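Below, each chain spelled out in residue letters.
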Amino acid sequence: MSTTHTTCPYCGVGCGVLATPQPGGSVQIAGDPDHLANFGRLCSKGSALGETLSLDGRLLHPEIADHRVTWEQALDHVANGFMSAIREHGPQSVAIYGSGQLLTEDYYVANKLMKGFIGSGNIDTNSRLCMASSVAGHKRAFGSDTVPGNYEDLEQADLIVLVGSNLGWCHPVLYQRIVAARTARPGMKVVLVDPRRTVSADIAELHLPISPDGDSALFVGLLAYLDHLGVTDSNYISAYTKGFEAALLTAEDWTVERVAAATGLSPLSITRFYDLFARTKKVVTVYSQGVNQSASGTDKVNAIINCHLAMGRLGKPGMGPFSVTGQPNAMGGREVGGLANMLAAHMDFTPEAIDRVSRFWNAPAIAQAPGFKAVDLFAAMTRGEIKAVWIMATNPVDSMPEADAVRAALKACPLVVVSDMNRHTDTMDLAHVRLPAAGWGEKDGTVTNSERRISRQRPFLALPGEARPDWWIIKEVAHRLGHAAAFDYGGPGEIFAEHAALSAFENHGTRDFDLSGLVGADYDSLAPTQWPVRAKPAARLFGDGKFFTPDGKARFLPIQPPPPFAPVPGSFILNTGRVRDHWHTMTRTGKAARLSAHMAEPFVEIHPADADALGIRRASLVRLSNRHGSALVRALITDRQQRGHLFAPMHWTDQFASNGRIDALVSAKVDPVSSQPALKMAQAHAEPISVRLYGFVVAAEKPALTTDYWAIAPATNGWRAEIAMLDEPADWSAFLASTFGTDAAFQSIRDERSGRRAFVLIERGRLIAALYTSPDPVLVSRQWAVDLLKEADLTASLVLAGRPGADRPDGGAIVCACLGVGINTIVDAVTRHGCTTVEAVGALTRAGTNCGSCRAEIRGIVDANRLIAAE
Ligand SMILES: Nc1nc2c(c(=O)[nH]1)N[C@H]1C(S)=C(S)[C@@H](COP(=O)(O)OP(=O)(O)OC[C@H]3O[C@@H](n4cnc5c(=O)[nH]c(N)nc54)[C@H](O)[C@@H]3O)O[C@H]1N2
Ligand SMILES: Nc1nc2c(c(=O)[nH]1)N[C@H]1C(S)=C(S)[C@@H](COP(=O)(O)OP(=O)(O)OC[C@H]3O[C@@H](n4cnc5c(=O)[nH]c(N)nc54)[C@H](O)[C@@H]3O)O[C@H]1N2
Ligand code: SF4
Ligand SMILES: [Mo]
């Protein structure tokens, strides 16, 4: 079987993947040892890619109004719908909402259609929720949206400052590169700035549990501190920058004490950080959503860049500000102009650029001004101003703030077209026209990672059903809108060639994004390449102190930190983000049993003292609510969380839980410069709810869950679900029949004293379904119960017992997703086998020996249990 060199479709690290289809139809996945992003490594999500490729749940044919139609009918319908909206209400009445998960070629064509030929700026993307503040901050400082760093800088740095980045879970392979570099060079230091003590604190000398949005104050204070110490690089400042004095003037009175008051940090820890920064030449500041997703996100970015400029620390090995991108092609989207305020190829809506792009595209009707940005777009839809929208590769009903209002806006929009791989997502369920898109492994094109490296995603599977690549779908609609000549593409290679040519067009070194060296390159064999790619090998970006502002000098920005945020009395600050093994709205990771085992339901992290005060018990259910919406989630009580703060993951949707959509609660407040929403700072009330019965379900077929609370996940050979009921069912047989879709008689037991029940259906020794209920959060061993689905000769009495017999050790909840090692096995390695290090646990159980992303968790388990073992 032949092996295809491709790129991982998840995070912005952009790891090279070797995919080898196997005779049985499965696909073997391995890290590409020659790819410069990962050198063969993959994380848990990357290694499980093979398990997400099944056609279950795929949309395989176009549909209009829930009925299967031909491509001809679907494309005509979309084109006619857009055309009549444009005719009656003008080009501003239509929009495209795209995604950093589109390939560059798809994105280029979508942008060209909307901006160049429909003549409206109304194409925005989920990157507005992700990278917009970094883009705006880069443009203010550098005159261009340039990420100057390389991954090796992280290995060469002596100090890495992680600001609002949970790199250990969200950029795992990059994190592992840092771990390896730090092992080789123990002098290297890491500082973590995050309100929560995340797993990334595992490698940090210093964790600064900053108050939300205290970052501007922290870095403004740092600028003042560096100036007072007299360590700033005055030669660099005068030769290559402007605005230092003004920036300093606003920073001046930010003493350490004042910073302490604004950030909730101790003066001692602040000076420790400041001294480290001042003393260490090679510093990389890595930042991500704790910086970008904020009402002061752009200011945070510039407060960080200011400090690097003041020290002359950028454009050189081992140093620089480094905004890491989230999605596989967040960077590619910025290159093509996927944001409503960018035109194309890193050009803005200036008169010269509009003229240049219009000549290049031969597009006289080109848009003259930016269009609606994501939050404004859905607000305009609510007002009835958007008559037709086309959503591609994103799920705004779950990922946009004020998500219930977004759902209502889509319900009211006259034409909603959605291109996706899945027949059911919370957004697809509202579509009038459903277009089946090609997915990873089927589509063909390029993506650009966090360090500006362009890599090919290559197909190794046939297109299933009638699925088509996004570029083809957009091109076909463009033809029907009357633009056949401008969209005469035979394949992604031709689109890439045009994209590269546009980047080079009248560039002459004036624009950072320049692929002139790739014009005419062989697309199929394109090796991973970092831009800029000019005819002559380009020097390191900003290495010569030249920036893309009109005078070539970088800009300091005077930053005024925002006043500390005070939530409405009685409510919590609700922070949101990601978990290790799930990706966004779970449309792909939610298919893999092994990725669903790490965290199997929506949850909220809450500090023990807050939980006590509210009467929230361990593993009970909590209702979160505010004026925008509500959610019902499991309590995860942990002192990693500060008092007064909550953290909830963004992942759960109506496809996987009864009421887990956290963005229903997040307000749509945006950063004034970038229009990126403040997704890390919602406010919510939390209350325990009084549950009559908690339950755990395992079943061979997908159960139909209708209980007050449920959360479902795949398991090997079946499904697992957590449920809860506010009242006991009046008729248990009817409940079992409707849940499991069978009239067969279940065997059951009930323990009068504890109120626990178990219901079991076994056929020919195989488990068909089991339900365990209890007035307390059920104590049945989840992993043991899930593993029963793999067994061949079970007896009812064993399954009814609800716990493993002595001959069947219970591995416990999965910690190491790659090798399926549970918490009990790890605890056992420590307490019974005397393992005292992560390495020893790995040698005995294999846990943590593949991708390494769980090693921080294993270390926590070792530390907690070593003491117990010693007692
Ligand atoms: N496993 C996994 N990995 C992913 C993704 C995924 O869905 N799952 N998605 C990818 C995408 S698109 C993205 S954008 C990245 C995101 O990657 P990250 O930005 O690393 O992830 P998040 O969990 O969103 O947020 C990071 C941290 O910001 C902290 N934070 C919140 N408020 C503040 C604040 O005011 N200041 C500071 N300093 N920190 C704060 C949060 O506590 C959180 O730990 O991950 C990518 N990688
Ligand atoms: N509260 C809160 N909200 C957040 C965030 C947060 O931290 N907190 N983070 C924000 C960020 S940074 C991001 S990036 C967004 C992500 O949010 P979304 O973009 O909504 O999340 P995904 O689940 O990745 O949705 C991608 C969809 O595209 C489909 N898809 C994948 N590949 C293709 C393709 O090639 N073609 C087509 N047509 N479809 C495809 C998938 O099946 C899936 O349905 O969420 C944002 N929302
Ligand atoms: S680190 Fe990111 S790109 Fe690499 S394998 Fe993991 S999810 Fe994929
Ligand atoms: Mo993102």
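A quick note: this is a predicted structure, and the numbers were derived from the prediction, not measured.

Asker: An account of the site of ligand 2 is needed here, citing residue identities and associated values.
Answerer: Close to ligand 2 lie 31 residues; S399, D420, K443, D470 and T585 are nearest. The separation between an oxygen atom of ligand 2 and a polar main-chain atom of N395 is 2.8 Å. Within the side chain of S399, an N or O atom sits 2.6 Å from an oxygen atom of ligand 2. If ligand 2 stood free it would expose 930 Å²; the protein chains cover 99% of that surface. The residue makeup of the shell around ligand 2, split by class, is 10 nonpolar, 15 polar and six charged. Split by domain, the residues of the shell around ligand 2 number at least three in each of domain 2 (89-130 + 329-530) and domain 4 (572-688).

Asker: Tell me about the site of ligand 1, and name the residues and values.
Answerer: Neighbouring ligand 1 are 35 residues, the closest being D194, D215, S288, R578 and H582. N166 has a polar backbone atom sitting 2.7 Å from an oxygen atom of ligand 1. In the model, a nitrogen atom of ligand 1 is placed 3.0 Å from a nitrogen or oxygen of the V193 main chain. Contact with the protein chains hides 99% of the accessible area of ligand 1, taken as 920 Å² for the molecule alone. Tallied by class, the residues present in the shell around ligand 1 amount to 11 nonpolar, 15 polar and nine charged. Two domains share the shell around ligand 1, each providing at least three of its residues, namely domain 3 (132-323) and domain 4 (572-688).

Asker: Please give an account of helix 28 (residues 838-845) that cites residues and values.
Answerer: Among all positions of helix 28, only V838, V841, G842 and T845 are buried. All buried residues of helix 28 fall inside an arc of 100 degrees around its axis, so they share one side.

Asker: Now, about the pairing of strand 16 (residues 388-392): what can you tell me, with residues and values included?
Answerer: When you tally the buried positions in strand 16, you get five out of five residues, the bulk of the element. Burial along strand 16 is two-sided: A388, W390 and M392 and V389 and I391, pointing in opposite directions, are all buried. In this structure, strand 6 (residues 94-98) lies alongside strand 16, joined through four bridges in parallel fashion. Residue V94 lies in a different strand from strand 16, and its bridge partner there is A388.

Asker: Explain the side chain of E498 to me, and be specific about the residues and the numbers.
Answerer: In this structure, E498 sits in helix 21 (residues 492-504). Excluding residues that lie within four positions of it along the chain, E498 makes contacts with Y108, K112, F360, W361 and Y489.

Asker: So what's going on with the sheet that holds strand 20 (residues 453-457)? Residues and values would help.
Answerer: The antiparallel open sheet is built from three strands, whose spatial order is 19-20-21. In this open sheet, the two edge strands, each paired with only one partner strand, are strand 19 (445-448) and strand 21 (529-530). Where strand 19 lies against strand 20, four bridges are found, and the strand directions are antiparallel. Looking at the pairing, G445 lines up with Q457 of strand 20.

Asker: Go over the side chain of R423, please, and point to the residues and values.
Answerer: Assignment of secondary structure puts R423 in the loop between strand 17 (415-420) and strand 18 (433-436). Here the side chain of R423 touches E63 through a polar contact of 3.0 Å, side chain to side chain. R423 has contacts with G57, R58, L59, E63, D66, M428, D429 and R434, leaving out every residue within four places of it along the chain.

Asker: Lay out the packing of helix 8 (residues 215-229) against helix 14 (residues 297-310) in plain terms, naming residues and giving numbers.
Answerer: Between helix 8 and helix 14, whose axes approach to 8 Å, the crossing angle comes to 20 degrees. Comparing the axis directions of helix 8 and helix 14 gives the class roughly parallel. Here helix 8 runs over helix 14; the crossing is left-handed. Taking contact as the criterion, the partners of D215, S216, F219, V220, L222, L223 and L226 in helix 8 are, on helix 14, D299, K300, A303, I304, N306, C307 and A310. By residue class, the composition of the contact of helix 8 with helix 14 is nine nonpolar, two polar and three charged.

Asker: Would you mind going over the layout of surface pockets in detail, with residue names and values included?
Answerer: Approximately 1,700 Å³ is the volume found for the largest pocket. Along the walls of the largest pocket sit 42 residues, with H598, M599, R618, L636 and A813 positioned nearest its centre. The set of elements that each furnish at least two residues to the lining of the largest pocket consists of strand 24 (603-606), strand 26 (630-637), strand 31 (718-725), helix 25 (782-787), strand 35 (814-816), helix 27 (823-831) and helix 29 (855-870). A breakdown of the residues in the lining of the largest pocket according to their chemical character gives 20 nonpolar, nine polar and 13 charged.

Asker: Before we move on, could you go through the environment of P267 and cite the residues and values that matter?
Answerer: Within the secondary structure layout, P267 lies in helix 12 (residues 267-279). Overall, P267 belongs to the partly exposed group, its relative accessible area being 39%. Sequence separation between P267 and T255 is 12 residues; the distance between their C-alpha atoms is 9.7 Å. Apart from residues lying up to four places away in sequence, P267 is in contact with V256 and A260.

Asker: Please provide a residue-by-residue account of empty space enclosed by the protein, values included.
Answerer: Taken as a whole and judged by the stated rule, the model has four cavities of 30 Å³ or more. Considering only enclosed or pocket space, the second largest cavity measures out at about 140 Å³ in volume. Of the residues in the lining of the second largest cavity, the class split is five nonpolar, five polar and four charged.

Asker: Which residues make up unusual backbone geometry, and what are the values?
Answerer: Look at the link from W531 to P532: it is a cis peptide, with omega at 0 degrees. With phi around 45 degrees, F39 is a residue other than glycine that occupies positive phi space. One can find F39 in the loop between strand 3 (27-31) and helix 1 (44-47). Look at H584: it is not a glycine, yet its phi comes out positive at around 45 degrees. Residue position: H584 is located in the loop between strand 23 (572-577) and helix 22 (593-596).

What counts, and at which threshold
- Residues numbered from 1 in each chain as written.
- Chains lettered and ligands numbered in written order.
- Predicted model: local features only at pLDDT ≥ 70, side-chain atom pairs only at ≥ 80, totals over all residues.
- Heavy atoms only, no water.
- Near = heavy atom within 4 Å.
- Polar contact = N/O pair within 3.5 Å; in protein donor to acceptor, adjacent residues only side chain to side chain.
- Areas by Shrake-Rupley, 256 points an atom, 1.4 Å probe, with all protein chains shown as cover.
- Nonpolar A, V, L, I, M, F, W, Y, C, P; charged D, E, K, R; others polar.
- Domains from an automatic or database assignment.
- Buried < 20%, exposed > 50% of the residue type's maximum accessible area, 1.4 Å probe, protein only.
- Helix = DSSP H or I, 4+ residues; strand = E, 2+ residues; numbered from the N terminus.
- Arc of directions from axis to C-beta.
- Pairing = 2+ DSSP bridges.
- Contact = heavy atoms within 4.5 Å.
- Axes fitted to C-alpha atoms, helices over the stretch in contact; angles between N-to-C directions.
- Parallel < 35°, antiparallel > 145°, perpendicular 65-115°, else oblique.
- Left-handed = near helix turned anticlockwise from the far one by under 90°.
- 1 Å grid on protein atoms, 1.4 Å probe; cavity = no way out; pocket = protein on both sides within 12 Å on 5 of 7 lines; lining within 4 Å.
- Points joined across faces, edges and corners; volume = space filled by probe spheres on them.

Treat this as a map of the structure, not an account of what it does.
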